[in-house]
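Here is how the chains run, residue by residue.
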Amino acid sequence: AAIEDEDIKDLGMLPFHARLLRRKIAQLNGASGEEGLGSNNPVVAFLRDIGLEQYARPLVSHGFDDMEALLLIDDLDLKEMGVPRGHVVKLKRRLREYEL
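Since we're looking at a predicted model, the values are computed, not measured.

Asks: Just give me the short version of the side chain of Asp-66, but keep the residues and values in it.
Replies: As for its placement among the helices and strands, Asp-66 is situated in the loop between α4 (56–61) and α5 (67–70). Those residues in contact with Asp-66 that sit more than four places away from it in its chain are Arg-19 and Val-43.

Asks: Before we move on, could you go through helix α7 (residues 85–99) and cite the residues and values that matter?
Replies: With 15 residues, α7 extends 21 Å from end C-alpha to end C-alpha; this agrees with the ideal 21 Å at 1.5 Å per step. Burial in α7 covers these residues: Val-88, Leu-91 and Leu-95. Looking down the long axis of α7, one finds its buried residues gathered within 70 degrees of arc, a one-sided arrangement. Buried residues in α7 make contact with α3 (42–49), α5 and α6 (75–80).

Asks: Quick rundown of the environment of Gln-54? Include the residues and the values.
Replies: Mapping Gln-54 onto the fold places it in the loop between α3 and α4. Given a relative accessible area of 46%, Gln-54 falls into the partly exposed group. Remark: the alpha-carbon pair of Gln-54 and Val-44, spanning ten residues in sequence, is separated by 9.3 Å.

Asks: Give a description of α3 that names residues and reports values.
Replies: For α3, the full list of buried residues reads Pro-42, Val-43, Val-44, Phe-46 and Leu-47. Here α3 starts with a cap whose side-chain oxygen sits 2.6 Å from the backbone nitrogen of Val-43, and that cap is Asn-41. Note on α3: the residue one or two positions beyond its end, Gly-51, has a positive phi of about 80 degrees.

Asks: Could you give me a rundown of the pattern of salt bridges, with the residues and numbers involved?
Replies: Considering all chains together, one arrives at six salt bridges under this definition. Linking Arg-48 and Glu-53 is a salt bridge whose minimum nitrogen-to-oxygen distance equals 3.8 Å. You can call Arg-48 partly exposed: its relative accessible area is 37%. A relative accessible area of 39% means that Glu-53 is categorised as partly exposed. Between Asp-75 and Arg-85 there is a salt bridge whose closest N-O contact spans 3.5 Å. Placement of the pair is Asp-75 in helix α6 and Arg-85 in helix α7, with a sequence separation of ten residues.

Asks: Which residues make up the layout of surface pockets, and what values do they have?
Replies: Of the pockets and cavities examined, the second largest pocket occupies roughly 270 Å³. Around the second largest pocket, the lining comprises 15 residues; the ones closest to its centre are Asp-5, Lys-9, Asp-66, Met-67 and Glu-68. Those elements giving two or more residues to the lining of the second largest pocket turn out to be α1 (5–11), α2 (15–28) and α5. Broken down by class, the residue content of the lining of the second largest pocket amounts to eight nonpolar, no polar and seven charged.

Calculation criteria
- Residues numbered from 1 in each chain as written.
- Predicted model: local features only at pLDDT ≥ 70, side-chain atom pairs only at ≥ 80, totals over all residues.
- Heavy atoms only, no water.
- Helix = DSSP H or I, 4+ residues; strand = E, 2+ residues; numbered from the N terminus.
- Contact = heavy atoms within 4.5 Å.
- Expected span 1.5 Å × (residues − 1).
- Buried < 20%, exposed > 50% of the residue type's maximum accessible area, 1.4 Å probe, protein only.
- Arc of directions from axis to C-beta.
- Polar contact = N/O pair within 3.5 Å; in protein donor to acceptor, adjacent residues only side chain to side chain.
- Salt bridge = Lys/Arg side-chain N within 4 Å of Asp/Glu carboxyl O.
- 1 Å grid on protein atoms, 1.4 Å probe; cavity = no way out; pocket = protein on both sides within 12 Å on 5 of 7 lines; lining within 4 Å.
- Points joined across faces, edges and corners; volume = space filled by probe spheres on them.
- Nonpolar A, V, L, I, M, F, W, Y, C, P; charged D, E, K, R; others polar.

See below:
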């Protein structure tokens, strides 16, 4: 069973420690070079659900490897990654919905 963001919150784990835990679990599961891009990564799952999975690799490689970080992304970050404006609008709208 995958560890979800809610599980981490329920445990009272700090975000830094949660990222370390996820990385170690990925290493133990044999993630090679694609750390954080597994189908159980909440960012990858979120992007897949909204039809923007093609941005999983650039987002994770730029440090937006958990939902807490992704919720803090801004337009400049997305522009620097080359995300088209229409996809920026879609992502930001879905992130607002996610927060509710």
